[in-house]
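Take a look at the letters that make up each chain.
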Amino acid sequence: MLDTATILADARRELALPARRAFGKRMLTLGGLLMLTGCSLSDDKSVDTFLRSVSRMNDRVQAWLFDPHRLAPTYSEAELTRPFPFNAYYGIEDVPEVDASGYELKLSGLVTGKRVWTLPELYALPHSEQITRHICVEGWSAIGRWGGTPFADFLHRIGADTSARYVGFKCADDYYESIDMPTALHPQTLLAFQYDGKTLPPKYGFPMKLRMPTKLGYKNPKHIMEIFVTNTYPGGYWSDQGYNWFGGS
Ligand SMILES: Nc1nc2c(c(=O)[nH]1)N[C@H]1C(S)=C(S)[C@@H](COP(=O)(O)O)O[C@H]1N2
Ligand SMILES: [Mo]
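Just so you know, these numbers come straight off a predicted model, no measurement behind them.

Caption draft 1: Representation of the overall build of the protein within the structure. Helix and strand counts for the protein stand at seven helices and nine strands. Relative to the compact-globule value of 18 Å for 249 residues, the protein shows a C-alpha radius of gyration of 19 Å, a close match. The principal-axis extents of the C-alpha atoms in the protein amount to approximately 60 × 40 × 35 Å. Put simply, 68% of the contacts in the protein that link residues at least 6 apart link residues at least 24 apart. Between the mean site of the 27 positive side-chain charges and the mean site of the 27 negative ones, the protein shows a separation of 7 Å.

Caption draft 2: Representation of the pattern of salt bridges within the structure. Under the defined criterion, the tally for this structure stands at 12 salt bridges. Measuring nitrogen to oxygen at the nearest pair gives 2.7 Å for the salt bridge that ties E177 to K219. Of this pair, E177 sits in strand 5 (residues 176–180) while K219 sits in the loop between strand 8 (209–211) and strand 9 (224–230); the two residues are 42 residues apart in sequence, bridging distant segments of the chain. Like E177, the residue K219 is buried in the burial classification. Salt-bridge contacts for D180 lead to K215; the nearest nitrogen and oxygen are separated by 3.0 Å. Highlighted residues: D180 in strand 5 and K215 in the loop between strand 8 and strand 9, separated in sequence by 35 residues. Each member of the pair D180 and K215 is classed as buried. Connected through salt bridges with shared partners, the residues E77, R82, E129, R145 and D196 form a single ionic network.

Caption draft 3: Layout of the site of ligand 1. Taken together, the neighbourhood of ligand 1 is formed by 21 residues, with P85, N87, D173, N220 and K222 sitting nearest. With respect to ligand 1, the side chain of K222 contributes an N or O atom lying 2.6 Å from an oxygen atom. Bound to the protein, ligand 1 loses 99% of the 530 Å² it would expose on its own. When its residues are assigned to classes, the shell around ligand 1 shows 12 nonpolar, five polar and four charged.

Caption draft 4: Structural detail: helix 1 (residues 4–14). Regarding helix 1, the residues found buried are I7, L8, A11 and E14. Mapping the buried residues of helix 1 onto a view down its axis gives an arc of 110°, with all of them on the same face. The outward face of helix 1, more than 90 degrees from its buried face, is lined by the exposed residues A5 and R13. Two or three places before A5, at the start of helix 1, stands the capping residue D3, its side-chain oxygen 3.2 Å from that residue's backbone nitrogen.

Caption draft 5: Main features of the nonpolar core. Counting 29 residues, the largest nonpolar core has L105, L122, F151, F154, V167 and I227 as its most contacted members. Contacts of F154, omitting those with residues within four sequence positions, involve L105, L107, W117, L122, L125, T149, L191 and I227. Membership of the second largest hydrophobic core comes to 13 residues, among which are L8, L15, L33 and L51.

Caption draft 6: Region of interest: the domain arrangement of the protein. If you check the domain split of the protein, you get domain 1 (4–65) and domain 2 (77–241). Each of domain 1 and domain 2 has a C-alpha centre, and these two points are 30 Å apart.

Caption draft 7: Focus on unusual backbone geometry. Of the consecutive residues R82 and P83, the connecting peptide bond is found in the cis state with omega at -5°. Within the secondary structure layout, P83 lies in the loop between helix 4 (44–65) and strand 1 (106–109). Residues other than glycine seldom take positive phi values, yet D196 does so here, at roughly 50°. Structurally, D196 is set in the loop between strand 6 (190–195) and strand 7 (198–199).

Caption draft 8: View of the pairing of strand 6. Most of strand 6 is tucked away: five of the six residues are buried. The pairing of strand 3 (residues 140–150) with strand 6 spans five bridges and is antiparallel. If you follow G147 over to strand 6, its bridge partner there is Q194. In this sheet, strand 8 lies alongside strand 6 in antiparallel orientation, the contact comprising three bridges. Each residue of the ladder has a partner; that of A192, found in strand 8, is K209. Bridge analysis of strand 6 against strand 7 gives two bridges, and the strand direction is antiparallel. Bridging across to strand 7, Q194 finds its partner in T199. Here strand 6 hands over to strand 7 after two residues, with D196 in that stretch at a positive phi of 50°.

Calculation rules
Residues numbered from 1 in each chain as written. Chains lettered and ligands numbered in written order. Predicted model: local features only at pLDDT ≥ 70, side-chain atom pairs only at ≥ 80, totals over all residues. Heavy atoms only, no water. Helix = DSSP H or I, 4+ residues; strand = E, 2+ residues; numbered from the N terminus. Rg over C-alpha atoms; globule rule 2.2 N^0.38 Å. Contact = heavy atoms within 4.5 Å. Lys, Arg positive; Asp, Glu negative; His and termini not counted. Charge placed at Lys NZ, Arg CZ, Asp CG, Glu CD. Salt bridge = Lys/Arg side-chain N within 4 Å of Asp/Glu carboxyl O. Buried < 20%, exposed > 50% of the residue type's maximum accessible area, 1.4 Å probe, protein only. Near = heavy atom within 4 Å. Polar contact = N/O pair within 3.5 Å; in protein donor to acceptor, adjacent residues only side chain to side chain. Areas by Shrake-Rupley, 256 points an atom, 1.4 Å probe, with all protein chains shown as cover. Nonpolar A, V, L, I, M, F, W, Y, C, P; charged D, E, K, R; others polar. Arc of directions from axis to C-beta. Core = buried A, V, L, I, M, F, W, Y, C linked by side-chain atoms within 4.5 Å. Domains from an automatic or database assignment. Pairing = 2+ DSSP bridges.

Have a look at this one:
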């Protein structure tokens, strides 16, 4: 016997804010969701498929609600969380050590300027700073200060096809992530090389991370080695294990 109350509770969790606002509470019945997803529930596997399609529906609602001009809150220097927490799918002793001198950022996919970028070249790009809140789904949040280059500028500079759907990232550990193009072009999305005025230390993602105050922590890839632009859904380390892909905050 399938426990429909539990399944509905899981579906409600998948539709966590802000998507819930758009649906309105009345539509959140199991029958309504089944109709929207075109699923029927007969066994555990179909429940899994159902919950994943609720999550994909949530992605679409979040993408639709996303306002490319609305800015996330910013904070003052005095509000910085010290020390800023470290997090990864492994412990701090296993943080990858990327060699600075040999480092080359690779670009692939729908990009016309497909050349590698060294760190000195990247550090010479226009600089911008932000003090914003990082929110991790594991139940903590922290205010940090990141410096780097506006990602939209960089995408234009490398001749990225900004009409494509996704920007994907490959990392020096086994992490990988992808984001929607409107978020990639958001004015606060930063290709960050610094933490609190200094070179990004290994634990926070040396040599670079993508910092997006409009997205949850797990969407912000550290130790980026390759950036690609694509129309094929690339998934992500946590979303491929059931977390919501859009991951707005
Ligand atoms: N390469 C890589 N990026 C990653 C992760 C990871 O394990 N590897 N963890 C993510 C998660 S869940 C969080 S909360 C933040 C933590 O970043 P911090 O160490 O700067 O706090 O990094 C994100 N980016
Ligand atoms: Mo996280």
